[in-house]
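Summary of the model geometry
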Amino acid sequence: HLGHEFLTDVLELSFEGLLASRATYEVLLSVLYALLEGASETLGIRRQDLDGTLYRHNIDLPPNLVLFDNVPGGAGHVRRIADEMEDVFLTAWKRVDRCECGEETSCYECLRNFRNQYYHDQLKRGLARDFLHSLLRSAGIPLNSEV
């Protein structure tokens, strides 16, 4: 009676190499919410239909990002995210890059929403921006300032 079984679609993302060495819990939590906001914006998905969490398979490795459809049975949103990954990551980076709040914090224009208010003090726009910037550059994806 303490749990609830909820079948839905899931996308799990993990990072290796130099990115993984910089992937602290705070960084990945900020990146998670940047990606959720970026996916919502890019793909026209209602934000409340997407959610995510961090999941650690091994204590010695950084946690993985787990994105899931917040709709019973799944709606195919995370499958669309996987198919449009480059655009989602780019939009997520632009969102945290263009926001005018402080780098060491976040706001409702970049990372915060009502549902993640428990984590507001841990969400840092600058951490998400820098991580996503490194990820996009290592993947060879041109950023607007570099085109």
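Residues numbered from 1 in each chain as written. Predicted model: local features only at pLDDT ≥ 70, side-chain atom pairs only at ≥ 80, totals over all residues. Heavy atoms only, no water.

Notes on the packing of helix H2 (residues 25–43) against helix H5 (residues 125–138)
The axes of two packed helices give the description: the angle between them and the distance between them. Put simply, H2 and H5 touch, their axes get as near as 8 Å, and they point 80° apart. Between H2 and H5, the crossing angle belongs to the class labelled roughly perpendicular. Contacts between H2 and H5 involve Glu26, Val27, Leu28, Ser30, Val31, Ala34 and Leu35 from the former and Leu127, Ala128, Phe131 and Leu132 from the latter. Here the residues of the contact of H2 with H5 are counted per class, giving nine nonpolar, one polar and one charged. (Axes fitted to C-alpha atoms, helices over the stretch in contact; angles between N-to-C directions. Helix = DSSP H or I, 4+ residues; strand = E, 2+ residues; numbered from the N terminus. Parallel < 35°, antiparallel > 145°, perpendicular 65-115°, else oblique. Contact = heavy atoms within 4.5 Å. Nonpolar A, V, L, I, M, F, W, Y, C, P; charged D, E, K, R; others polar.)

Considerations on helix H4 (residues 85–98)
Here H4 contains 14 residues, and its C-alpha end-to-end distance of 20 Å stays within 8% of the 20 Å for a straight helix at 1.5 Å per residue. Of the positions making up H4, those classed as buried are Val88, Phe89, Leu90, Thr91, Ala92, Trp93, Arg95 and Val96. Where H4 is buried, its residues touch strand E1 (10–13), H2, helix H3 (77–83) and H5. (Expected span 1.5 Å × (residues − 1). Buried < 20%, exposed > 50% of the residue type's maximum accessible area, 1.4 Å probe, protein only.)

Observations concerning the sheet that holds strand E2 (residues 50–55)
Read from one edge of the open sheet, three strands run E1-E3-E2, paired in antiparallel fashion. Two strands lie at the open edges of the sheet, namely E1 and E2, each paired on one side alone. Averaged over neighbouring strand pairs, the angle between their axes works out to 20° when direction is ignored. Relative to strand E3 (residues 64–69), E1 is paired through four bridges, and the arrangement is antiparallel. Bridge pairing links Glu12 to Val66 in E3. Contacts from H2 reach E1, E2 and E3, with the element oriented near 160° to E2. (Pairing = 2+ DSSP bridges.)

Quick word on the packing of aromatic side chains
Counting across every chain of the model gives three aromatic pairs. Judged by centre distance (5.0 Å) and plane angle (85°), the ring pair of Phe15 and Phe131 falls under edge-to-face. Remark: Phe131 occurs in helix H5 and Phe15 occurs in the loop between E1 and helix H1 (17–21); sequence separation between them is 116 residues. We classify Phe15 as buried; its relative accessible area is 13%. When its relative accessible area of 1% is taken as the criterion, Phe131 is described as buried. Plain terms: the ring middles of Tyr118 and Tyr119 are 5.2 Å apart, the flat faces sit at 85° to each other, and that makes the pair edge-to-face. Exposure remark for Tyr118: the relative accessible area of 66% places this residue in the exposed category. Residue class for Tyr119 comes out partly exposed when judged on its relative accessible area of 24%. Of the aromatic side chains, those joined through ring pairs into one cluster are Tyr33, Tyr118 and Tyr119. (Phe/Tyr/Trp six-rings, centres within 6.5 Å; stacked < 30°, edge-to-face > 60°.)

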